[in-house]
Amino acid sequence: MEKRAVLIVETLDRGSRALEQNLRSFSDDDPVHHMKRQAMVAGTTLESMQLYEVLRSLEFLRSLPEVDSSRITIAGKGETGVNGLYAALLDGKVERIVLGTPPPSHRQGPTYLGILRYTDIPRSSR
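Just so it is clear, the model here is predicted, and its values are computed rather than measured.

Cut-off values and rules
Residues numbered from 1 in each chain as written. Predicted model: local features only at pLDDT ≥ 70, side-chain atom pairs only at ≥ 80, totals over all residues. Heavy atoms only, no water. Helix = DSSP H or I, 4+ residues; strand = E, 2+ residues; numbered from the N terminus. Expected span 1.5 Å × (residues − 1). Buried < 20%, exposed > 50% of the residue type's maximum accessible area, 1.4 Å probe, protein only. Contact = heavy atoms within 4.5 Å. Core = buried A, V, L, I, M, F, W, Y, C linked by side-chain atoms within 4.5 Å. Salt bridge = Lys/Arg side-chain N within 4 Å of Asp/Glu carboxyl O. Axes fitted to C-alpha atoms, helices over the stretch in contact; angles between N-to-C directions. Parallel < 35°, antiparallel > 145°, perpendicular 65-115°, else oblique. Left-handed = near helix turned anticlockwise from the far one by under 90°. Nonpolar A, V, L, I, M, F, W, Y, C, P; charged D, E, K, R; others polar.

Draft legend 1. Summary view of helix α4 (residues 78-91). Counted at 1.5 Å a residue, the expected span for α4 with its 14 residues is 20 Å, and the 20 Å between its end C-alpha atoms agrees. Looking at α4, one finds that the buried residues are G78, G81, V82, N83, G84, Y86, A87, A88 and D91. Structurally, α4 contributes buried residues whose contacts are with α3 (46-63), β1 (73-77) and β2 (96-100). In the stretch just after α4, G92 is the one whose phi turns positive, near 80°.

Draft legend 2. Main features of the nonpolar core. Grouped together as the largest cluster of nonpolar side chains are 16 residues, with contacts concentrated most on L58, I74, Y86, A87 and Y112. At the level of secondary structure, the elements contributing two or more residues to this core comprise α3 and α4. With five residues, α3 is the largest single contributor of residues to this core. If we ignore the near neighbours within four places in the chain, the residues touching Y86 are L51, H106, Y112, I115 and T119.

Draft legend 3. Representation of the pattern of salt bridges in the model. Scanning all chains against the criterion turns up three salt bridges. Across the salt bridge formed by E59 and R56, the nearest N and O atoms sit 2.8 Å from each other. Residue E59 and its partner R56 are both found in helix α3; the two are separated by three residues, about one turn of the helix. Overall, R56 belongs to the partly exposed group, its relative accessible area being 37%. For the salt bridge of D91 with R62, the shortest nitrogen-to-oxygen distance reads 2.6 Å. One end of the pair, D91, is in helix α4; the other, R62, is in helix α3, with 29 residues separating them in the sequence.

Draft legend 4. Seen up close, the packing of α3 against α4. Contact geometry of α3 with α4 gives a least axis separation of 9 Å together with a crossing angle of 55°. When the interaxial angle is binned, α3 and α4 end up oblique. When you trace α3 past α4, the crossing you get is right-handed. Side by side, α3 and α4 meet where E47, Q50, L51, V54, L55, L58 and R62 of the first sit next to E79, N83, Y86, A87, L90 and D91 of the second. Grouping the amino acids of the contact of α3 with α4 by side-chain chemistry returns seven nonpolar, two polar and four charged.

Okay, here's the thing in structure tokens:
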């Protein structure tokens with residue numbers, strides 16, 4: 001029987017993270033809106049920061065002795081899946097990507113500064 005290790009990455013605006021809890025002090029009670037604004041102040045986007053988290057998670061996963069670093073699969077759906085896709089492309093060592101229901105274009109998300117100058121999410125010909 002083949003053993004598998006699974007790492008679930010909960011990025012900045014997903015799930016019940018401490019950052020979201022801290023942002024409840026804002027009067028409009030929209031933590032994602034405030035995270036996006038804070039990212040802009042830092043000169044980036046929330047999605048770029050999420051992509052960075054996925055890349056660091058890959059680095060952590062490879063540091064575990066029980067993980068075969070040549071057999072890593074990234075799976076995700078929607079905008080989160082696209083973050084996983086770009087993480088795999090930037091990492092260059094991911095064996096497989098499973099991407100479900102990606103948005104038809106970066107115009108719907110995820111947002112990376114200047115991405116449409118170079119590429120877009122291709123539509124499936126199916």
